[in-house]
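Coordinates in review
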Amino acid sequence: MNFVKLIFMILIIGGWTSGLHADELAIRNCAWCHGTSAQGYMTAPRLAGQRYEYLEKQLLNFKNHTRDNPFSMQYMWDAVAYLDPQTARDLALYFSTLPPKPANDGDWNLVPVGKAIYDGGIPQENVVACTACHGPAAEGVREIPRLGGLSYAYLKRRLDQWGEGFHAAAQLPMPFIAGKLSPADIEALASYLSFVR
Ligand code: HEC
Ligand code: HEC
């Protein structure tokens, strides 16, 4: 879907008849940062194919400032400041239906290590297998996000920042799990997941 169609669809969803106002401007911005087909761009992660319930929840997390990661504060708090709950739901539904493409940008040599942790966890560190929640193809379900094919840099940043104490109010167990992963574990996991389709 191209940018013009996106705007058109959002106008229909929002049912707006008037000219530009704050909400509409904020929504148009989604594509400017996340890319026209929402595959992610620079620091903004892919939204295409992400779980509907998860997307909706993150938008609320940005809005109520519980997701306080540095880039969330810098970019997302303003972007959703005027978003009403119904529009947040409509946007979440829209992005969840776009087909996701894998970023394929991790270190290919780390894939076997990353896959082993993803499938088996790290028993001696009490780290549960990721597959138990995120699914065998890292596809996610409901409020558990799809991880397969997200970019290496984004996955690494999320896991690093949970370990540093950001977004501590996220649904358990991520802050706990990420805090137990070593830098090498995180690099391997982020590399592996960036190739999963
Ligand atoms: C100015 C750039 C910018 C704009 C505008 C923007 N985003 Fe974002 N978005 C980002 C960045 C950067 C992140 C990563 C935040 C982080 O690292 O914690 C992000 C993260 C997200 C996430 C979290 C994804 C995940 O996997 O957890 C969602 C959902 C999201 N944005 C939706 C939207 C929607 C919907 C809009 C339009 C209303 C929008 N964004 C507008 C830059 C932007
Ligand atoms: C018990 C279930 C469970 C297990 C096990 C689990 N996760 Fe999660 N994960 C979640 C939930 C729920 C969220 C959403 C958190 C939120 O509300 O922000 C999440 C979010 C994430 C995110 C953020 C994705 C995004 O788009 O921002 C990453 C990355 C992640 N998990 C990686 C992992 C890795 C790697 C493992 C294994 C070492 C793992 N998870 C194990 C439930 C789980």
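Refer to the structure presented above.
Residues numbered from 1 in each chain as written. Chains lettered and ligands numbered in written order. Predicted model: local features only at pLDDT ≥ 70, side-chain atom pairs only at ≥ 80, totals over all residues.

**Focus on the environment of Ala116**
Residue position: Ala116 is located in helix 6 (residues 111-120). Assessed through the 15 C-beta atoms surrounding it within 10 Å, Ala116 is described here as partly exposed. Separated by 13 residues in the primary sequence, Ala116 and Ala129 have C-alpha atoms spaced 9.1 Å apart. (Helix = DSSP H or I, 4+ residues; strand = E, 2+ residues; numbered from the N terminus. Buried ≥ 20, exposed ≤ 12 C-beta atoms within 10 Å, placed from the backbone.)

**Quick notes on the packing of helix 3 (residues 52-63) against helix 5 (residues 85-96)**
Remark: helix 3 packs on helix 5, axes separated minimally by 8 Å, with the N-to-C direction vectors making an angle of 140°. By the angle between their directions, the pair helix 3 and helix 5 is classed as oblique. As helix 3 runs across helix 5, the sense of the crossing is right-handed. Of the residues in helix 5, those touching helix 3 at Tyr52, Leu55, Glu56, Leu59 and Leu60 are Ala88, Arg89, Ala92, Leu93, Phe95 and Ser96. (Axes fitted to C-alpha atoms, helices over the stretch in contact; angles between N-to-C directions. Parallel < 35°, antiparallel > 145°, perpendicular 65-115°, else oblique. Left-handed = near helix turned anticlockwise from the far one by under 90°. Contact = placed C-beta atoms within 7 Å.)

**A look at the environment of Tyr152**
Note on placement: Tyr152 falls in helix 8 (residues 152-163). Distance in space between the C-alpha atoms of Tyr152 and Ala103 is 7.6 Å, their sequence separation being 49 residues. Among all residues touching Tyr152, those that are not within four sequence positions of it are Ala103, Asp105, Gly106, Ala190, Ser191 and Ser194.

**What about the site of ligand 2?**
In the vicinity of ligand 2 lie 22 residues, with Val128, Cys130, Cys133, Ala170 and Gln171 positioned nearest. Of all elements in the fold, only helix 7 (131-134), helix 8 and helix 9 (174-180) reach the threshold of two or more residues within the shell around ligand 2. (Near = placed C-beta within 6 Å.)

**Here's the deal with unusual backbone geometry**
Going from Leu172 to Pro173, the amide bond is cis rather than trans, its omega being 10°. Structurally, Pro173 can be placed in the loop between helix 8 and helix 9. The phi dihedral of Asn104 falls on the positive side, at around 50°, and the residue is not glycine. Along the polypeptide, Asn104 turns up in the loop between helix 5 and helix 6.

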